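Take a look at the letters that make up each chain.
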Amino acid sequence: MKHTEQIYLTPMPVRIWHWLNAFGIVTLCVTALQIRFPDYVNIFGTYKAAIRLHNTAGVVVSISYALWLIYYMFVARTMLKLYVPTLEDIKSGLFRQAFFYFFYYFKGGPNPHHSTPDSKFNPLQKASYLVIMFVLLPLVVFSGYVLMYVAPLREIFIVIGGIKTLVSVHYLIACCFCAFLFVHIYLATLGHTPFAHFKPMWNGWEEEEVEDELGAIPGAEPVPVTEPHAAARHSSTTETA
Ligand code: HEM
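In the nomenclature of an unreviewed UniProt entry, the protein is known as Cytochrome b of Oryzomonas rubra. Under the heading Subcellular location (unreviewed entry), UniProt records this for the protein: "Cell membrane".

As structure tokens, then:
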């Protein structure tokens, strides 16, 4: 038998950052299409308007990134615990999670990872978010700012191999972001319902289906939770199977 538990997974600052960042990145991708293919794409009127909007979205993404860093490093102090894969994750967790997504999920098997406030991400999420948030996002922001201020940053251009190299790097990272977006949104729909993982990004609370220990008695009082994050977890006796 299963019952559902409500877990407070995503604090408000993270939710605000996430949607600001998502809106900014989508704007960057769409405006980039017009900037890269001006002869074929005209969504924003003029070429100049597309560049202005692209630059503004870039500034929004970089500011929200800084706020995300400050929040996780100095306020929540959970960045390393949440985002860095453990040795166990690397040795077997990555494979187990990939096996679930590619095969076990389609056979109706349960997700091997159960999110808690202390371990929100499965090993694949940790690995991909680590690359996105600590390598690709800083790189795309840095290359974007350098391209925005071509003249005063002439010396940096010379060191990194000229404007063409920089434009290519910026463009390749943008392609990675587009690919990430599709995979990210698809995988986010693989909860116990298609919107189960979207809910905590909206109101903070995730509903988890949990197997009853020693067979819970229907209608009985929920057992008090004694783990560290008990305050962030509400057990409900609703039976789902
Ligand atoms: C329209 C675009 C997007 C949608 C619909 C979306 C949706 C979601 C959903 C449902 C989650 C929670 C489930 C999960 O952890 O996988 C999530 C978390 C996350 N997403 Fe996105 N996302 C979008 C864009 C982005 C972008 C552009 C980035 C990074 C550049 C990003 C980075 C993240 C991160 C790091 C988390 C974990 C946040 C945390 O709890 O600390 N997302 N997203």
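Approximately 810 Å³ is the volume attributed to the second largest pocket. L28, A32, H54, H170 and A174 are, among the 28 residues lining the second largest pocket, the residues nearest its centre. Elements represented by at least two residues in the lining of the second largest pocket include exactly α1 (12-36), α2 (47-75), α5 (123-148) and α7 (162-188). By residue class, the composition of the lining of the second largest pocket is 22 nonpolar, five polar and one charged.

This part covers the side chain of H54. Looking at where H54 falls in the secondary structure, it is placed in helix α2. What makes H54 buried here is its relative accessible area of 16%. In this structure, H54 is in contact with L28, T31, A32, I35 and H170, ignoring residues within four places of it in sequence.

Looking at the iron atom of the ligand, the protein donor atoms are H18 (NE2) and H184 (NE2), and they sit 2.0 Å from it. Around the iron atom of the ligand, the six donor atoms sit at angles spanning 85 to 179 degrees, and that spread fits a shape best called octahedral. Of this pair, H18 sits in helix α1 while H184 sits in helix α7, and the two are 166 residues apart along the sequence. Given the relative accessible area of 21%, H184 is considered partly exposed.

In this section: the packing of aromatic side chains. According to the stated counting rule, one finds 19 aromatic pairs in the structure shown. Here the aromatic rings of W17 and W68 are separated by 5.7 Å at their centres, their planes lie at 35 degrees, and the arrangement is tilted. Taken as a pair, W17 in helix α1 and W68 in helix α2 lie far apart in primary sequence, 51 residues in all. As far as burial versus exposure is concerned, W17 and W68 are alike and both buried.

Relative orientation of the contacting elements α1 and α7 amounts to 125 degrees, with a least axis distance of 11 Å. Taken as axis vectors, α1 and α7 run oblique relative to one another. Two packed elements cross with a definite hand, and for α1 against α7 that hand is left-handed. Within the contact between the two elements, α1 uses H18, I25, V26, C29 and R36 and α7 uses Y171, F177, C178, L181 and H184.

Take a nonpolar patch on the surface next. Together, I63, L67, I70, M73, F74 and V75 line one region of the surface with nonpolar side chains, adding up to about 610 Å² of accessible area. Position of F74 relative to the elements: it lies in helix α2. Owing to a relative accessible area of 54%, F74 belongs among the exposed residues under this scheme.

Across soluble globular proteins, you tend to see nonpolar side chains buried next to one another. In this structure, W68, Y72, Y83, M133, L137 and F177 are the most contacted members of the largest nonpolar core, which totals 25 residues. Elements that contribute at least two residues to this core include exactly α1, α2, α3 (79-83), α5 and α7. Per-element tally for this core: the top contributor is α5, with seven residues. Those residues in contact with L137, other than ones at most four positions away along the chain, are N21, I25, V61, Y65, I132 and F177.

This paragraph deals with unusual backbone geometry. Although it is not a glycine, R77 sits at a positive phi angle of roughly 55 degrees. Overall, R77 belongs to the exposed group, its relative accessible area being 67%.

Moving on to α7. The terminal C-alpha atoms of α7 lie 39 Å apart, and with 27 residues this matches the ideal 39 Å at 1.5 Å per residue to within 8%. On its buried face, α7 is in contact with α1, α2, α5 and α6 (154-159).

Quick look at the site of the ligand now. Lining the immediate environment of the ligand, one finds 23 residues, of which H18, Y72, K120, Y129 and H184 sit closest. For the ligand, a nitrogen atom lies 2.7 Å from a polar atom in the side chain of H18. In this structure, an oxygen atom belonging to the ligand sits 2.9 Å away from a side-chain N or O atom of Y83. Contributions of two or more residues to the shell around the ligand are made by α1, α5 and α7. The dominant element in the shell around the ligand, judged by the number of residues it contributes, is α1, at seven residues. Considered class by class, the residues forming the shell around the ligand number 17 nonpolar, five polar and one charged.

So, how was this worked out
- Residues numbered from 1 in each chain as written.
- Predicted model: local features only at pLDDT ≥ 70, side-chain atom pairs only at ≥ 80, totals over all residues.
- Heavy atoms only, no water.
- UniProt positions renumbered as here; feature names shortened; annotations may be inferred.
- 1 Å grid on protein atoms, 1.4 Å probe; cavity = no way out; pocket = protein on both sides within 12 Å on 5 of 7 lines; lining within 4 Å.
- Points joined across faces, edges and corners; volume = space filled by probe spheres on them.
- Helix = DSSP H or I, 4+ residues; strand = E, 2+ residues; numbered from the N terminus.
- Nonpolar A, V, L, I, M, F, W, Y, C, P; charged D, E, K, R; others polar.
- Buried < 20%, exposed > 50% of the residue type's maximum accessible area, 1.4 Å probe, protein only.
- Contact = heavy atoms within 4.5 Å.
- Donors = N, O, S within 2.8 Å, 3.2 Å for Na, K, Ca; no water.
- Tetrahedral: all angles 85-135°; square planar, octahedral: opposite > 155°, others 65-115°.
- Phe/Tyr/Trp six-rings, centres within 6.5 Å; stacked < 30°, edge-to-face > 60°.
- Axes fitted to C-alpha atoms, helices over the stretch in contact; angles between N-to-C directions.
- Parallel < 35°, antiparallel > 145°, perpendicular 65-115°, else oblique.
- Left-handed = near helix turned anticlockwise from the far one by under 90°.
- Patch = residues over 30% accessible without salt bridge, like charges linked within 9 Å, V, L, I, M, F, W, Y side chains within 5 Å.
- Areas by Shrake-Rupley, 256 points an atom, 1.4 Å probe, with all protein chains shown as cover.
- Salt bridge = Lys/Arg side-chain N within 4 Å of Asp/Glu carboxyl O.
- Core = buried A, V, L, I, M, F, W, Y, C linked by side-chain atoms within 4.5 Å.
- Expected span 1.5 Å × (residues − 1).
- Near = heavy atom within 4 Å.
- Polar contact = N/O pair within 3.5 Å; in protein donor to acceptor, adjacent residues only side chain to side chain.

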